[in-house]
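Analysis of the macromolecular model
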Amino acid sequence: MADRSLRGIRLGAQSLQSEEGVVFHERAQHTYTCTSCGRDTTLTFAADAEIPESWECRTCGSESLLRIGEGTATVDHSGDKVPRSHWDMLLERRTLPELEELLEERLAYVRARRGAGEDVVTLDKISA
C-alpha cells in the first residue's frame, strides 16, 4: 500500500485489495427441477461438497429435485419426522372421556362466573 496514494480516493467506494495470489476452490454446477412448476434452477457448489438431493424452488417454494443426466433424483421421505400438533400431544396424555370431563368442569366454572358477575382477575387471585 506504500506504492499507492490515498489522496483523492473516496473511502468505501473502491477496494485497495487485489486478486493477486488468490486461488479459487474448484466448483461444480448442479441443476434442480421443480416438481410443481417445472422450472430449472442451477446452483454452484464446491466440487467436494455433499450435494443435497432436493432444494427449495426459488419461484413457488415447493421441492425441486436434483437432475442427474436426463432424469431427476428421487427423494425418500419415509424417514422424515411428521410434525405433531397440540391436539396430538394432548391425546398422548389424556383420553377423550377425561378431556370431556375437564371441558365440562371448565364450562361450569365459566358459567358460574358469568352468572355471579365477578371479575376474572378477582377470582383468579382468590383461587391462587
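Located above this text is the structure these notes cover.
The notes below deal with the structure included here. (Residues numbered from 1 in each chain as written. Predicted model: local features only at pLDDT ≥ 70, side-chain atom pairs only at ≥ 80, totals over all residues. Heavy atoms only, no water.)

A few points about the overall build of the protein
Cut-off, in case you're wondering: The secondary structure listing takes helices from DSSP runs of H or I that are at least 4 residues long and strands from runs of E that are at least 2 residues long, numbered from the N terminus. Only protein chains enter the accessibility calculation, which uses a 1.4 Å probe. A residue is then buried if its area is under 20% of the maximum for its type, exposed if over 50%, and partly exposed in between. Throughout, a contact is declared for two residues whenever any of their heavy atoms are within 4.5 Å.
Helix and strand counts for the protein come out as three helices and five strands. Ordered by position in the sequence, the α and β elements of the protein form the string β-β-β-β-β-α-α-α. When the 128 residues of the protein are sorted by exposure, 12% land in the buried category. Long-range pairs, those at least 24 residues apart, make up 22% of the contacts in the protein with a sequence separation of at least 6.

What about the pairing of strand E1 (residues 27-34)?
Threshold: Pairing between strands is defined by DSSP: at least two bridges between the two strands are required.
In the sheet, E1 pairs with strand E2 (residues 40-46) via seven bridges, with the strands oriented antiparallel. Bridge pairing links Gln-29 to Thr-44 in E2. Where E1 folds back onto E2 in an antiparallel hairpin, the turn is made up of five residues, including Gly-38, whose phi is positive at roughly 80 degrees. Across three bridges, E1 lies against strand E4 (residues 63-68) in antiparallel orientation. The residue of E4 that forms the bridge with Thr-33 is Leu-65.

Examining the environment of Ser-64
Considering the arrangement of structural elements, one finds Ser-64 in strand E4. Among all residues touching Ser-64, those that are not within four sequence positions of it are Tyr-32, Thr-33, Cys-34, Thr-35, Glu-53, Ser-54, Trp-55, Glu-56 and Cys-57.

A short note on the packing of aromatic side chains
The criterion, for reference: We call Phe, Tyr and Trp rings a pair once their centres come within 6.5 Å, taking the six-membered ring for Trp, and we label the pair stacked below 30 degrees between planes, edge-to-face above 60, and tilted otherwise.
As enumerated under the stated definition, the model contains two aromatic pairs in all. The interplanar angle of 80 degrees and the centroid separation of 5.7 Å between the aromatic rings of Phe-45 and Trp-55 together place this pair among those described as edge-to-face. One end of the pair, Phe-45, is in strand E2; the other, Trp-55, is in strand E3 (residues 54-56), with 10 residues separating them in the sequence. When its relative accessible area of 15% is taken as the criterion, Phe-45 is described as buried. Clustering of aromatic rings is evident, with ring pairs tying together Tyr-32, Phe-45 and Trp-55.

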